[in-house]
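Coordinates in review
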Amino acid sequence: MPKYAFNSSGYAHLFGTRPNDRRLLSTVVNSEKIVGTNPSWYLTQGSIDPVMTPSDINGLATFTVIERELKAAPIASLRSPLGDTEAVGAGGLNSYSATIPDFITHKIVETAMGREEKERRFASQFGNDEEIMKAWVQDAMSLRTSMDSTMTWMTAQLMSTGKINYVMGKGIFTPVHKAPIPAKNFCKAGAKVWTDPDAAIITYMSEIEDKYRQEWGWYGTMKWQMTKKMFVNVFLKNKEVVEKVNEFRALADLVAVTFNTLNIDVFNNAWEQIRVAYGLSPIEIVEEKEINATNAGETIVNGWADKVVVLRPAGDAVKFMRKQILDETYSKYLNNSVERNFAPFNSGLGMLVNTTVPNGMYTEWQTVVLFSAVPALVEFTKHVIVDTSTANS
C-alpha cells in the first residue's frame, strides 16, 4: 500500500500553527456550506456588538449600554416666511454598565490511539480525509451548539426577568448582571391570573399596553412575547380569546361553526383584526429549551418561565457584548510543547481552539470553544415584564 503523509492532510493542518493553518481552520468553522447556518433563537433578539469591549490587565472588561429615550414626535407647526421655531432638548440618555464573563464548553479529545486510527483510515482512502473532516466538523459543531444554548438561556432569562443569575454547568455559579428596568415596568396579570378560565386576557393585555404607551408617549411598533406553552395551553384556550374569535368569524360570515377550543389556523385567521380592534401589538412566540449538564446528570432547562409575558418595542431587545479571548492574547507565552490554533466564528462571538498538548508520554489533540460574551438589554426603560401568575391586589 502506498504511503500517504497524514501530516500533510487538511485535518492535520486544523491543528497547525502556521498562518495557512489558521486560515484553513477559520474557513472551515465559518463556512455555511460546511457547518450550516445558525438558527439559534438568541440571534433573533439582538445583534452582536461589532466593537470588542477592551479588557484591563487582569482580563476584566466592563461595558456600558446606552439607550436613547423613545418619544413620539409631534407634528410640525406652520410658520411665516423665514420664521424660526422653539428649541427643544435632545432625547435623554439612559445607560448601565456590567462586566463580561468568560465561558468554556466541554472539550473533544483525540488520543494517540485515535490519531493512529485516523492515519490508517486516511491511508486506506488513498489520502482522502473527507470522512475524517466530516466527523470532526460534527463534533466541533456540538461545541458551537453548547455556546449557542448558553447565549440563548442568558438572553431568555435577561429578557424575562431583567437579570442573569448564572447557575448552569459545572463551573462558577454567580449573578452576572442586572438591567435597570424601572420597578413600575414589572406588572401583574390583571384581575385574575391568566390560567383562570374566566380571565379576560385580551382585555388585560389591552389595558397594560395602553397604560404604558400613554405613560411613555410612545406609539411606535411594539410586540408581545410569550412562550409556546403559554400560548398553546393558556392563551388559545382562554374563554375571552375563544369568544372574540367566534365573534369575528360570525361577523365575517366565515362559517356557521362555533369553536370551544382553537387551533393555530383558526386563531391566525381572526387574530389580526381582533388585536387591531383592541389596540394590541402582535404576539411573538418564544421557543427556547436547553440542556444543563451537572455532576448530578442532565436536565432540560428554560431561561424564560412560562408564566412570564413581555411587552417591548419591536426590533432589537439586546446587544451581545464581547471581549478578546485572553487565551489567544497570551498564546505567545505557551509552553514550547504546546501548540494552539485559533479560529473566531459567529461574527467573533466565539473562538474555536485546537490544541496539541503532551499527555504523559504521548500527544493529545483537543478541541474546545471559548467565548467571553453576554447579552445586554438595550430597551430597558421600555421593557415591561408581566407576571401572569399573580393577580392584581
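Residues numbered from 1 in each chain as written. Predicted model: local features only at pLDDT ≥ 70, side-chain atom pairs only at ≥ 80, totals over all residues. Heavy atoms only, no water.

1. With respect to the sheet that holds strand β14 (residues 318-322)
- Spatially, the 3 strands line up as an open sheet ordered β1-β14-β18, and their pairing is mixed. Two strands bound the open sheet, and with one partner strand each, they are β1 (46-48) and β18 (373-377). This sheet shows a mean twist of 25 degrees between the axes of neighbouring strands, independent of strand direction.
- In the sheet, β14 pairs with β18 via 5 bridges, with the strands oriented antiparallel. Residue pairing across strands places Lys 319 opposite Ala 376, the latter belonging to β18.
- In the packing of helix α5 (residues 130-161) onto the sheet, contacts are made with β14 and β18, and the angle to β18 comes to roughly 20 degrees. (Pairing = 2+ DSSP bridges. Helix = DSSP H or I, 4+ residues; strand = E, 2+ residues; numbered from the N terminus. Axes fitted to C-alpha atoms, helices over the stretch in contact; angles between N-to-C directions. Contact = heavy atoms within 4.5 Å.)

2. Details of the sheet that holds strand β10 (residues 283-286)
- One open sheet accounts for 5 strands, arranged β8-β19-β13-β9-β10; its pairing is mixed. Edge strands, defined here as strands with exactly one partner in the open sheet, are β8 (186-188) and β10. For this sheet, the mean angle separating the axes of adjacent strands, direction not counted, is 25 degrees.
- In this structure, β8 lies alongside strand β19 (residues 384-387), joined through 3 bridges in parallel fashion. What sits directly across from Cys 187, in β19, is Val 386.
- Sitting on the sheet, helix α7 (residues 228-235) is in contact with β9 (222-227), β10 and β13 (308-313), with an inclination near 85 degrees to β9.

3. Focus on the environment of Pro 19
- Take Pro 19: it is sitting in helix α2 (residues 19-30).
- Separated by 322 residues in the primary sequence, Pro 19 and Asn 341 place their C-alpha atoms 9.4 Å from one another.

4. Some points on helix α9 (residues 264-277)
- In this model α9 runs 20 Å from its N-terminal to its C-terminal C-alpha over 14 residues, within 8% of the 20 Å that 1.5 Å per residue would give.
- Trp 271 marks where α9 bends most, by close to 45 degrees.
- Where α9 is concerned, the buried positions are Val 266, Phe 267, Ala 270, Trp 271, Ile 274 and Arg 275.
- Directly after α9, the chain includes Gly 279, whose backbone phi takes a positive value near 65 degrees. (Expected span 1.5 Å × (residues − 1). Bend = angle between axes of the 7 residues up to and from the residue. Buried < 20%, exposed > 50% of the residue type's maximum accessible area, 1.4 Å probe, protein only.)

5. Side note on the packing of α2 against α5
- The contact between α2 and α5 brings their axes to 11 Å, and the two run at 65 degrees. Judged on the interaxial angle alone, α5 and α2 are roughly perpendicular. Handedness of the crossing formed by α2 with α5: right-handed. Contact residues: α2 offers Leu 25, Val 28 and Val 29, while α5 offers Met 133, Trp 136 and Val 137. (Parallel < 35°, antiparallel > 145°, perpendicular 65-115°, else oblique. Left-handed = near helix turned anticlockwise from the far one by under 90°.)

6. Things to note about the confidence of the model for the protein
- With 91% of its residues at a pLDDT of 70 or more, the protein has an overall mean of 89.
- Here helix α3 (residues 32-35) stands out as the element of the protein with the lowest mean pLDDT, 78, in contrast to β19, whose mean of 98 is the highest. (pLDDT = per-residue confidence, 0-100.)

7. What to know about a nonpolar patch on the surface
- Taken together, the side chains of Ile 57, Tyr 330 and Tyr 333 define a hydrophobic patch exposed on the protein surface, amounting to about 410 Å² of accessible area.
- One can find Tyr 330 in the loop between α10 (326-329) and β15 (339-345). (Patch = residues over 30% accessible without salt bridge, like charges linked within 9 Å, V, L, I, M, F, W, Y side chains within 5 Å. Areas by Shrake-Rupley, 256 points an atom, 1.4 Å probe, with all protein chains shown as cover. Salt bridge = Lys/Arg side-chain N within 4 Å of Asp/Glu carboxyl O.)

8. Looking at unusual backbone geometry
- You will see that Asn 346, though not glycine, has its phi angle at about 55 degrees, which is positive.
- Relative to the elements of secondary structure, Asn 346 occurs in the loop between β15 and β16 (350-359).
- When its relative accessible area of 15% is taken as the criterion, Asn 346 is described as buried.
- The phi dihedral of Ser 347 falls on the positive side, at around 55 degrees, and the residue is not glycine.

9. Quick notes on the nonpolar core
- Ranked by size, the top nonpolar core spans 63 residues in total, and within it Phe 63, Trp 136, Met 151 and Leu 377 carry the most contacts.
- Counting residues per element, this core draws most heavily on α5, which supplies 14 residues.
- When residues no more than four places from it in sequence are discounted, the contact partners of Leu 377 are Val 65, Tyr 96, Leu 158, Met 159, Ala 179, Ile 181, Ala 317, Val 318 and His 383.
- The next biggest cluster of nonpolar side chains, apart from the first, holds 37 residues, and it includes Ala 200, Met 205, Val 245 and Ala 270. (Core = buried A, V, L, I, M, F, W, Y, C linked by side-chain atoms within 4.5 Å.)

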